Amino acid sequence: MDTPITKAERVVSAGKGIGPKENMSLIEDLAKACGAAIGSSRPVAETLQYVPIDRYVGMSGQKFNGNLYIACGISGAVQHLKGITNASTIVAINKNPNAPIFKNCDYGIVGDVNEILPLLSKALDTGEKQPAPPMKKIKRATPKKEKPDYTIMVCDGCGYEYDPMVGDEANGIPAGTPFEKLPEDWVCPECSEIKANFEKA
Ligand code: FE
C-alpha cells in the first residue's frame, strides 16, 4: 500500500469527498482488495493530513504511470488530472455528477463513497494476495470518437437545406451545429416550417 505512486501498478486515491478521517479505512480496504497503493488529492495530504505528503498525486514528480487508478471523492483539479494522464484506466467515484473527474475517467460512478467503496471492496476481494508479478503496462483504451452527424436536412415546405457545416448564422446558429442540436423552437429561415417538418436530404 505504500509503494511509491510513480512505481505503483494500481492506486486507490482519496479526495476530500472521502469525509472524516475514519473513512480512510474504506480506502485501505479497497486498496487491499485490489492490490493497490494508497494515493490522495493534494488537500487530503496537505490540509487534512490523512496521508503523508508523498502520497498525493499531481505534485511535481508524483505522476501515476500504472494501469488502474481509482479516484474516490476526488473532484479532479487540473493539477491532479495532470498526475494521472499516464493511467491506463481511471475509475472515478463521486457524489457530484458534475465533478471534472468524470470528464477524465473511463468509468464513472455517481455515488457516495460510504456506499460504493464497500461494494467494490467486496466484489474485488479474492482473499490473501500473492506477491504481484512485474507490471505489464496496459495500453490505454482510446474510445472511438463518434462521428458527428452532419446530415443535410431539407425543409418540406420550401426545399431550404439546413447544412450543419454552414449553420444558420442569421438566427444565431453557429456552423458545426448538427440538425438535432438546433433549439426546439428553431424554424426554417425561409418559410418558418418547424423542425419536425424537415427530412434527410
Ligand atoms: Fe422552409
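A. Local environment of the environment of Glu 22. Mapped onto the fold, Glu 22 is located in the loop between strand E1 (10-14) and helix H1 (24-33). Among the residues examined, Glu 22 registers a relative accessible area of 59% and is labelled exposed. Separated by 170 residues in the primary sequence, Glu 22 and Ser 192 place their C-alpha atoms 62 Å from one another.

B. Inspection of the pairing of strand E4 (residues 89-94) at higher detail. When you tally the buried positions in E4, you get 5 out of 6 residues, the bulk of the element. Both strand E3 (residues 68-72) and E4 contribute to a ladder of 5 bridges, which runs parallel. If you follow Tyr 69 over to E4, its bridge partner there is Ile 90. Looking at chain direction, E4 and strand E5 (residues 107-110) are connected through 4 bridges and run parallel. Bridge assignment links Ile 93 to a residue of E5, and that residue is Ile 109.

C. Summary view of the nonpolar core. Val 12, Ile 18, Met 24, Ile 27, Ile 70, Cys 72 and Leu 117 are the most contacted members of the largest nonpolar core, which totals 23 residues. Looking at this core, the elements that each hand over two or more residues are E1, H1, helix H2 (42-46), E3, E4 and helix H4 (113-124). Look past the residues within four positions of Met 24 in its chain and what remains in contact with it is Ala 14, Ile 18, Ile 38, Tyr 50 and Val 51. In this structure, Ala 8, Phe 64, Ala 87 and Phe 102 belong to the second largest nonpolar core, which totals 18 residues.

D. The arrangement of the sheet that holds strand E6 (residues 153-155) in detail. Strand order in this open sheet of 3 strands is E7-E6-E8, and the pairing throughout is antiparallel. Looking at strand neighbours, the two that pair on one side only are strand E7 (161-162) and strand E8 (198-200), the edges of this open sheet. Sheet topology places E6 next to E8; 3 bridges connect them, and they run antiparallel. Looking across to E8, one finds that Val 154 is bridged to Glu 199.

E. Molecular detail of the packing of aromatic side chains. One pass over the full model with this rule turns up 7 aromatic pairs. Aromatic side chains Phe 64 and Tyr 69 sit 5.4 Å apart centroid to centroid with 45 degrees between the ring planes, which places their arrangement in the tilted category. For the pair Phe 64 and Tyr 69, a shared accessibility class is recorded, and that class is buried. With a centroid separation of 6.5 Å and 85 degrees between ring planes, the pair formed by Tyr 160 and Phe 198 is classed as edge-to-face. On the criterion of sequence distance, the pair formed by Tyr 160 in the loop between E6 and E7 and Phe 198 in strand E8 is long-range, its members being 38 residues apart. Accessibility expressed as a relative area gives 15% for Tyr 160, which makes it buried. Residue Phe 198 is classed as buried on the basis of its relative accessible area, which comes to 6%. An aromatic cluster is present here, built from Tyr 160, Tyr 162, Phe 179, Trp 186 and Phe 198 joined pairwise through their rings. The side chain of Lys 195 reaches across the aromatic face of Phe 179, ending 5.5 Å from its centre.

F. Representation of the pairing of strand E2 (residues 37-40) within the structure. Neither face of E2 is open: one carries Ala 37 and Gly 39, the other Ile 38 and Ser 40, and all of them are buried. Remark: the E1/H1/E2 crossover connection has right-handed handedness.

G. Broad picture of the environment of Cys 191. Among the structural elements, Cys 191 can be located in the loop between E7 and E8. Assessed through its relative accessible area of 32%, Cys 191 is described here as partly exposed. Once the C-alpha coordinates of Cys 191 and Tyr 160 are considered, the two residues, 31 residues apart in sequence, prove to be 8.5 Å apart. Apart from the residues lying within four places of it in its own chain, the contact partners of Cys 191 are Cys 155, Gly 157 and Cys 158.

H. Region of the structure containing a nonpolar patch on the surface. Together, Tyr 150, Met 165 and Val 166 make up a nonpolar patch on the protein surface, roughly 310 Å² of accessible area in all. Considering the arrangement of structural elements, one finds Val 166 in the loop between E7 and E8.

I. Layout of the pattern of salt bridges. This structure, assessed with the given rule, holds 4 salt bridges. In this structure, Asp 106 and Arg 140 form a salt bridge, with 3.3 Å as the shortest nitrogen-oxygen distance. Taken together, the residues Asp 106 in the loop between E4 and E5 and Arg 140 in the loop between H4 and E6 connect sequence positions 34 residues apart. For Asp 106, a relative accessible area of 31% puts it in the partly exposed group. The partner of Lys 195 in a salt bridge is Glu 184, and the shortest N-O contact between them spans 3.6 Å. In this pair, Lys 195 is assigned in the loop between E7 and E8 and Glu 184 in the loop between E7 and E8, connecting sequence segments 11 residues apart.

Reading the values: rules and limits
Residues numbered from 1 in each chain as written. Predicted model: local features only at pLDDT ≥ 70, side-chain atom pairs only at ≥ 80, totals over all residues. Heavy atoms only, no water. Helix = DSSP H or I, 4+ residues; strand = E, 2+ residues; numbered from the N terminus. Buried < 20%, exposed > 50% of the residue type's maximum accessible area, 1.4 Å probe, protein only. Pairing = 2+ DSSP bridges. Core = buried A, V, L, I, M, F, W, Y, C linked by side-chain atoms within 4.5 Å. Contact = heavy atoms within 4.5 Å. Phe/Tyr/Trp six-rings, centres within 6.5 Å; stacked < 30°, edge-to-face > 60°. Lys NZ or Arg CZ within 6 Å of the ring centre and 35° of its normal. Right-handed = clockwise from strand over helix to strand, strands pointing away. Patch = residues over 30% accessible without salt bridge, like charges linked within 9 Å, V, L, I, M, F, W, Y side chains within 5 Å. Areas by Shrake-Rupley, 256 points an atom, 1.4 Å probe, with all protein chains shown as cover. Salt bridge = Lys/Arg side-chain N within 4 Å of Asp/Glu carboxyl O.

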